[in-house]
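Structure at a glance
Read off the chains here:
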Amino acid sequence: MRHFSSYGPVDSQEHFCVPRQALIAQGVEQLIGKPEKGGHYFTIWAPRQTGKTWLMRQLERNINQQYPDEFTILTFSLGELRGISFPEKPVDFPPTFSELLQESFPGEPVVKTWKQFAQLFSKRKGLWDRPLILLIDEVDTIPLSLIDLMVAQFRELYLNPQKNWLHGLALVGVRAVLGIESQRASPFNIQKSLKVPNFTPEEVTDLYDQYQNESGQKIEPTVVEQIYQTTQGQPGLVSWFGELLTETYNPGTLIEMETWKIVWQNARFVEPNNTVMNLIAKAREPEYQPFLIKLFGNNNIPFSFHRPVCNYLYLHGIIKPFSITSPELAKICRFTSPFIQDCLYYALTDEIIGSERHILPLDPLDELTDVFASTSLNLPALLTRYKDYLARLRGQNINPWKEQPRRKTDLHLIEAVGHFHLFSWLRDAVREDCIVSPEFPAGSGQVDIHLRCGTQRGIIEVKSFVKHSQIKSAQDQAADYAKHLSLDCVTVALFIPVLDETVLEKLSSQVVLNGVEVNVVAIGWV
C-alpha cells in the first residue's frame, strides 16, 4: 500500500499523490510553445516542499510521451554547488560549476569559459542534434553573482534561436530565479513564470480519499477539513499531517477529531519538520523578526511585492497578500496558514521574551481563589496580578521592555510586544490549572489569548492605546467576537504608556454589550 510522504519528490507508485494535470499541462505548454518556432524561457518557483522538483520530473515525463522524437530533454540540479564560495566580481569560470556540467551533460564536456558554455548549445559546435528542453533545479543554492552570469548566457541564446538548439528552459527555485535580489536587476528578461500553487480543498480531499480507499480506514470529513484550514493546502504540510495521522498516531480505528487534536498539539511542539524549522530560522533573522512581531499586533500592514521584507517572506512561504475592499481595494499582509502562524508565535515569544523569569509570576501565597470562584473565569482579577508583577519588576529596577520593538511614529512599544509578554506570563502563572493558547480568528489577522481551565473558558484581547475613542471600538469588537464563540464575557488588556494608577483606573471599565460583559483593564508600560 502507498503512504504519505513529505520529504522530497513524491512517487505516485509509492506515495499518495495529487495528479495536478492542469498545472503539468501549463508547464508543458510554456516549455514547448510553438514547436516549429520555439518555446519559452521561464521560472518555476514556490516555497520549500511544495512540489517544484516533482513538477519538473512530470514535465520531463509528459514531454517525452507527447513528443517522443522531437526534443531532447536534459534535467540537472545545482544543489551539489550549495555553499560554494564565489567572488562577486569573478574572473574565471568556476571550477566546481565546470565539474558539475561535465558530470551532467552528455559527452562529459570540459567547460572552462562562458564562451565554451554557450557553445554547448550551438547548432554547429554543440552537443545536440535536435531542439533541447533544459530544466535546472535548485537554482537558489548557488551564489547570486553566478546566477547572474549563467542567466546572462541564456538570455543571449534566447535572442539567437537560429544559431542554438535551446528551445525551452525552466529555472526552478524559490526566489533568486526571479532576479529580485540582483543589484543589476535580472539579466534574463523573463516574460513568464510558473508558481506551484497550494492544494485546493478538493485536492486535499482527493489525497485523503486515496488513503481511505487503499487502507480501508475511514477519516472523519471534519478532520480533512481541519487539515486544509490549518495548512491552507501547503503540499508538504498536508502530506506531513497525513503521515502523523495514519502512521505515527494512527488509532487503528476511525481517525476522528480526538486523534486530530493529539496530532495538532504534537505537530507544534514535539514532531520535527524541516520546513517549519527553516521558516522559524528565517523569522528569527534580524532583518525580518521586527516585521513579523509587528504583524502579530497589526492586521493592516500593506503588502507590496516591491518591498524587500514582503517579497522575501512571501516567496519563502511565511506571509501572503490578502485582499480587502474597505476603505479601498488593497492588499495587506497575512500569515500563510494558521499552523505557520501558531508555530512562529511560540517561537518568537521565546525569542523576544525568553524562558527565564527574573521573579516569581505570582505571590507565593496567592491561590487565585477569586479568579476561579465562579462559573466564568475572573480575568480582570488575573490581569491585576499581572499588573502587580510588572510593579514588582519596576521595584527591582527590571525593565522587561528594554530594547523591545517600538513604533517609529511615537516610539511607543508596539502592541505585539505586550501580547507576547502577557502570554508568556499567563503560561507561567496558571500553568497547573489552565491551557493558555493563542487563537487566530480566520482572515482577521488578529491574535487572541484563550484560557481553558477545566470547564471554564476565557478570552483576552490585547490592544495598544492610541486614543480614547479607540476603547469603544475595542469593546464592540470584543463583544462581537465573544458572542460568536457563545461566551458571555470577554476581557480587553489595554496597554498604555502611562504609569499613573489614577489614569489607568479611569481607562478601565466594565460594560454589557449585546448580552456580553466586556471588561477593559488598562495596563501601564513605558
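Before reading on, note that the structure itself is shown above.
Here the structure is a predicted model, which means the values were calculated and not measured.

1. Considerations on the overall build of the protein
Tallying secondary structure elements over the protein gives 18 helices and 13 strands in all. Along the longest, intermediate and shortest principal axes, the C-alpha atoms of the protein span 85 × 55 × 45 Å. Per-residue burial for the protein yields a buried fraction of 51% across its 526 residues. Considering only residue pairs separated by 6 or more positions, the protein has 69% of its internal contacts joining residues 24 or more positions apart. Working note: accessible area of the protein is about 25,300 Å², and carbon and sulfur atoms make up 50% of it. Positive and negative side-chain charges of the protein, numbering 50 and 60 respectively, have mean locations separated by a distance of 8 Å.

2. Observations concerning the sheet that holds strand β4 (residues 166-173)
Across the sheet, five strands lie side by side as β2-β3-β4-β1-β5; this open sheet has parallel pairing. At either margin of the open sheet sits one strand with a lone partner, and together these are β2 (72-77) and β5 (192-195). Recorded for the sheet is a direction-independent mean angle of 15° between the axes of neighbouring strands. In this fold helix α2 (residues 52-66) packs onto β1 (41-45), β2, β3 (132-137), β4 and β5, with an angle of close to 165° to the strand it touches most, β3. Along the sheet, helix α5 (residues 144-159) makes contact with β1, β3 and β4, crossing β4 at roughly 150°.

3. Some details on the side chain of Gln-30
Within the element layout of this structure, Gln-30 appears in helix α1 (residues 21-32). Of the residues examined, Gln-30 reaches a relative accessible area of 5% and is grouped as buried. Residue contacts for Gln-30: discarding those within four places in its chain leaves Gly-39, His-40, Phe-42, Lys-192, Ser-193 and Leu-194.

4. So, the pattern of salt bridges
This structure, assessed with the given rule, holds 15 salt bridges. Taking the shortest distance from any N to any O, the salt bridge between Asp-342 and Arg-268 comes out at 3.1 Å. Of this pair, Asp-342 sits in helix α13 (residues 338-353) while Arg-268 sits in helix α9 (residues 257-269), placing them 74 residues apart in sequence. Here Asp-476 and Lys-472 are joined by a salt bridge, their closest N and O atoms 2.8 Å apart. Pair noted here: Asp-476 and Lys-472 are both in helix α17 (residues 469-484), with a separation of four residues, about one helical turn. Of the residues examined, Asp-476 reaches a relative accessible area of 28% and is grouped as partly exposed. By relative accessible area, Lys-472 is classed as partly exposed at 46%. Among the ionic contacts, a cluster of salt bridges with common partners joins Asp-366, Asp-370 and Arg-385.

5. Quick word on the nonpolar core
Judged by nonpolar contacts, the single largest core of 94 residues is most densely connected at Tyr-208, Leu-422 and Leu-451. Tallying contributions element by element places α13 first for this core, with ten residues. Those residues in contact with Leu-451 that sit more than four places away from it in its chain are Leu-377, Leu-379, Leu-382, Leu-426, Val-430, Ile-435, Val-436, Gln-456, Arg-457, Gly-458 and Ile-460. The next biggest cluster of nonpolar side chains, apart from the first, holds 32 residues, and it includes Trp-114, Ile-136, Leu-146 and Leu-169.

6. As for the pairing of strand β11 (residues 489-496)
Across the eight residues that make up β11, a large majority, eight, are buried. Along β11, one buried face is formed by Cys-489, Thr-491, Ala-493 and Phe-495 and the opposite face, lined by Val-490, Val-492, Leu-494 and Ile-496, is buried too. In this sheet, β11 lies alongside strand β10 (residues 456-464) in parallel orientation, the contact comprising five bridges. Bridge assignment links Ser-464 to a residue of β11, and that residue is Phe-495.

7. Notes on the packing of aromatic side chains
This structure, assessed with the given rule, holds 40 aromatic pairs. Measuring from centroid to centroid gives 4.9 Å for Phe-4 and Tyr-208, while their planes differ by 35°, and the two rings are tilted. A residue pair is termed long-range when its members are at least 10 positions apart, and Phe-4 in the segment before α1 and Tyr-208 in helix α6 (residues 201-215) qualify at 204 residues. Overall, the relative accessible area of 0% leaves Tyr-208 in the buried class. On the basis of an interplanar angle of 35° and a centroid distance of 5.9 Å, the ring pair of Phe-4 and Tyr-211 is categorised as tilted. Remark: Tyr-211 occurs in helix α6 and Phe-4 occurs in the segment before α1; sequence separation between them is 207 residues. Each member of the pair, Phe-4 as well as Tyr-211, is classed as buried. Its guanidinium or amino end placed over the ring of Trp-165, Lys-123 lies 5.0 Å from that ring's centre, counting from NZ or CZ.

8. Digging into the packing of α1 against α2
Axis angle and axis distance: for two packed helices, these are the angle between their axes and the distance between the axes, and together they describe the pair. As a packed pair, α1 and α2 sit with axes 9 Å apart at the nearest point and diverge in direction by 65°. Relative to α2, α1 is oriented roughly perpendicular. You can see that α1 and α2 cross each other, and the crossing is right-handed. Residues Leu-23, Ile-24, Gly-27, Val-28, Leu-31 and Ile-32 of α1 lie in contact with α2, whose contacting residues are Trp-54, Leu-55, Gln-58, Leu-59, Asn-62, Ile-63 and Gln-66. Each residue belonging to the contact of α1 with α2 can be placed in one class, and the counts come to nine nonpolar, four polar and no charged.

9. Observations concerning the pairing of β3
Most of β3 is tucked away: six of the six residues are buried. Residues of β3 alternate between two faces, with Leu-132, Leu-134 and Ile-136 on one and Ile-133, Leu-135 and Asp-137 on the opposite face, all of them buried. Summarising the sheet, β2 and β3 pair through six bridges and their orientation is parallel. Residue pairing in the sheet places Leu-74 in a bridge with Leu-134 of β3. Once the chain exits β3 it traverses α5 before rejoining the sheet at β4, and the crossover so formed is right-handed.

10. Focus on the environment of Asn-298
You can see Asn-298 is positioned in the loop between α11 (289-297) and α12 (308-315). When its relative accessible area of 26% is taken as the criterion, Asn-298 is described as partly exposed. A sequence separation of 215 residues divides Asn-298 from Gly-83, and the C-alpha atoms of the two residues are 37 Å apart.

What counts, and where the lines are drawn
- Residues numbered from 1 in each chain as written.
- Predicted model: local features only at pLDDT ≥ 70, side-chain atom pairs only at ≥ 80, totals over all residues.
- Heavy atoms only, no water.
- Helix = DSSP H or I, 4+ residues; strand = E, 2+ residues; numbered from the N terminus.
- Buried < 20%, exposed > 50% of the residue type's maximum accessible area, 1.4 Å probe, protein only.
- Contact = heavy atoms within 4.5 Å.
- Areas by Shrake-Rupley, 256 points an atom, 1.4 Å probe, with all protein chains shown as cover.
- Lys, Arg positive; Asp, Glu negative; His and termini not counted.
- Charge placed at Lys NZ, Arg CZ, Asp CG, Glu CD.
- Pairing = 2+ DSSP bridges.
- Axes fitted to C-alpha atoms, helices over the stretch in contact; angles between N-to-C directions.
- Salt bridge = Lys/Arg side-chain N within 4 Å of Asp/Glu carboxyl O.
- Core = buried A, V, L, I, M, F, W, Y, C linked by side-chain atoms within 4.5 Å.
- Phe/Tyr/Trp six-rings, centres within 6.5 Å; stacked < 30°, edge-to-face > 60°.
- Lys NZ or Arg CZ within 6 Å of the ring centre and 35° of its normal.
- Parallel < 35°, antiparallel > 145°, perpendicular 65-115°, else oblique.
- Left-handed = near helix turned anticlockwise from the far one by under 90°.
- Nonpolar A, V, L, I, M, F, W, Y, C, P; charged D, E, K, R; others polar.
- Right-handed = clockwise from strand over helix to strand, strands pointing away.

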